[in-house]
Amino acid sequence: MRERIITGSLALFFIILILINYNFYLFSIIFSLFALQAYNEWLRISKIDQYIRYILLFISAFFMYITIFYYDYISYIPYLLNLSLGIWLIISFDLIFNYKINNFLIKKYSMILGFYLIFSAWFLFISSNQYSSTNIINQNIIYNNDTTPLYILFLIIIVSLSDTSAYFVGKHFGKHKLSQIISPNKTIEGFIASIIIPVLIVSVIFNIYEINILFRDIIYIILISFSATIGDLFISKFKRIYNTKDSGNILPGHGGFLDRLDSYLPSITIFQFWLFL
């Protein structure tokens, strides 16, 4: 518990520091390293041969380098969003109804599936606010022309509230299991809290800064919180298939980067839809 809180606090401090001194290229490079480590953990869990793993990581790093420094990718964001939404809907339905689709994809196409889920989320994350037609955050509280750090921080706040609420409420008040087979520690009480608490706290934040919160905004906050749980459950299922408890031990109390980023994999897609519509 103590390790988990300390590591989470240090990680949050580090991210806030990056956002305060926001620079697109530095931000993209740092989160590229996070994504590469998450994919490395995915490949290691999948028991991919070490040399193939290194080749895939090199190709991924080259792809990220080209994307960050040379490629005009903005026009492709809507297509990637639609594809990602479709894939996560399939994953979600299979987690709920257990049609064994996820088992098939994980066992037969692990390298491709991991690459797409991690790097599509990475792509959408670094492109936050690059293609936005909405104005979620009130311009009166912005002191520079680049609102990207605020959008990113906003996403992190929602997902962190969802994860933290699920963990603490489930640990202290949870009595009914959410998914006994996939993740025995998750409870229905924690899941409900992971949706209600972010909505309440974000509503308070909006009210403090005199931002009008619409019914549509509440729906998207609920969807982001719900998708955070979906991401967590899916990675738990992936690890369970390969008989692995944690994706790594680089983050004390949290496991590996894949363990820490699992909630963001689908929620980034929902968040981007919120920005666009």
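Structural data are supplied above this passage.
As the structure is a prediction and not an experimental result, all values here were calculated from the model.

What counts and how
Residues numbered from 1 in each chain as written. Predicted model: local features only at pLDDT ≥ 70, side-chain atom pairs only at ≥ 80, totals over all residues. Heavy atoms only, no water. Helix = DSSP H or I, 4+ residues; strand = E, 2+ residues; numbered from the N terminus. Rg over C-alpha atoms; globule rule 2.2 N^0.38 Å. Buried < 20%, exposed > 50% of the residue type's maximum accessible area, 1.4 Å probe, protein only. Axes fitted to C-alpha atoms, helices over the stretch in contact; angles between N-to-C directions. Parallel < 35°, antiparallel > 145°, perpendicular 65-115°, else oblique. Left-handed = near helix turned anticlockwise from the far one by under 90°. Contact = heavy atoms within 4.5 Å. Nonpolar A, V, L, I, M, F, W, Y, C, P; charged D, E, K, R; others polar. Polar contact = N/O pair within 3.5 Å; in protein donor to acceptor, adjacent residues only side chain to side chain. Phe/Tyr/Trp six-rings, centres within 6.5 Å; stacked < 30°, edge-to-face > 60°. Pairing = 2+ DSSP bridges. Expected span 1.5 Å × (residues − 1). Arc of directions from axis to C-beta.

> Got a minute to help me understand the overall build of the chain in this structure?
Check the secondary structure of the chain and you find eleven helices and two strands. Starting at the N terminus and ending at the C terminus, the chain contains elements arranged as α-α-α-α-α-α-α-β-β-α-α-α-α. Over its C-alpha trace the chain gives a radius of gyration of 18 Å, about what one expects of a compact globule, namely 19 Å for 277 residues. Each principal axis of the C-alpha distribution contributes one length, and for the chain these read about 50 × 50 × 35 Å. Taken across its 277 residues, the chain has 50% of its residues classed as buried.

> What exactly am I supposed to notice about the packing of helix α2 (residues 24-45) against helix α6 (residues 110-126) here?
Relative orientation and spacing of two packed helices are given, respectively, by the angle between their axes and the distance between those axes. In contact at an axis separation of 10 Å, α2 and α6 are set at 160° when each is read in the N-to-C sense. When the interaxial angle is binned, α2 and α6 end up roughly antiparallel. Between α2 and α6 lies a crossing of right-handed hand. The segment α2 lies against α6, with F24, F27, S28, F31, S32, A35, L36, A38, Y39, W42 and L43 engaging S110, M111, L113, G114, F115, I118, F119, W122, F125 and I126. Taken together, the residues of the contact of α2 with α6 sort by class into 17 nonpolar, four polar and no charged.

> Sorry if this is basic, but what is going on with the side chain of S165 here?
As for its position among the elements, S165 is in helix α7 (residues 148-173). Judged by its relative accessible area of 7%, S165 is buried. From its side chain, S165 meets the backbone oxygen of L161 in a polar contact 2.6 Å long. Not counting chain neighbours up to four residues away, the residues in contact with S165 comprise G170, G190, A193, S194, I197 and P198.

> Would you mind showing me how to read the packing of aromatic side chains here?
Describing an aromatic ring pair means giving the distance of the ring centres and the angle of the ring planes. Taken as a whole and judged by the stated rule, the model has 29 aromatic pairs. A ring pair is formed by Y39 and F115, whose centres lie 5.9 Å apart and whose planes are at 70°; its orientation type is edge-to-face. Highlighted residues: Y39 in helix α2 and F115 in helix α6, separated in sequence by 76 residues. Owing to a relative accessible area of 29%, F115 belongs among the partly exposed residues under this scheme. Taking 4.8 Å as the distance between ring centres and 45° as the angle between the ring planes, the aromatic pair formed by F115 and F119 counts as tilted. Note that F115 and F119 are positioned in helix α6 at a spacing of four residues, about one turn of the helix. Assessed through its relative accessible area of 2%, F119 is described here as buried. Counting every residue linked through ring pairs, the aromatic cluster contains Y22, F27, F31, F34, F125 and F257.

> Before we go on, may I ask you to explain the pairing of strand β2 (residues 183-187) in this structure?
The side chains of a regular strand alternate, first on one face of the sheet and then on the other. Where strand β1 (residues 177-179) meets β2, two bridges bridge the pair, whose relative direction is antiparallel. Opposite K177, over in β2, you have T187 as the bridge partner. Hairpin connection of β1 to β2: three residues between the antiparallel strands.

> Explain unusual backbone geometry here, please?
The bulk of non-glycine residues show a negative phi, and the bulk of peptide bonds are trans. Located in the positive-phi region is K47, a residue other than glycine, with phi close to 60°. Inspection of the secondary structure puts K47 in the loop between α2 and α3 (50-69). For N243, which is not a glycine, the phi torsion comes out positive at approximately 55°. For N243, the location among the structural elements is in the loop between α9 (215-241) and α10 (257-261).

> How do you make sense of α6 when you look at a structure like this?
A turn of α-helix holds 3.6 residues, and therefore any two residues three or four places apart point the same way. In a regular helix each residue adds 1.5 Å, so 17 residues correspond to 24 Å; α6 covers 24 Å between its end C-alpha atoms and thus fits that length. When you tally the buried positions in α6, you get 14 out of 17 residues, the bulk of the element.

> Explain helix α5 (residues 101-108) here, please?
Residues of α5 that are buried: N102, N103 and I106. End-on view of α5: buried residues confined to an arc of 100°, all on one side of the axis. Contact partners of the buried residues in α5: α4 (77-97), α6 and α9.

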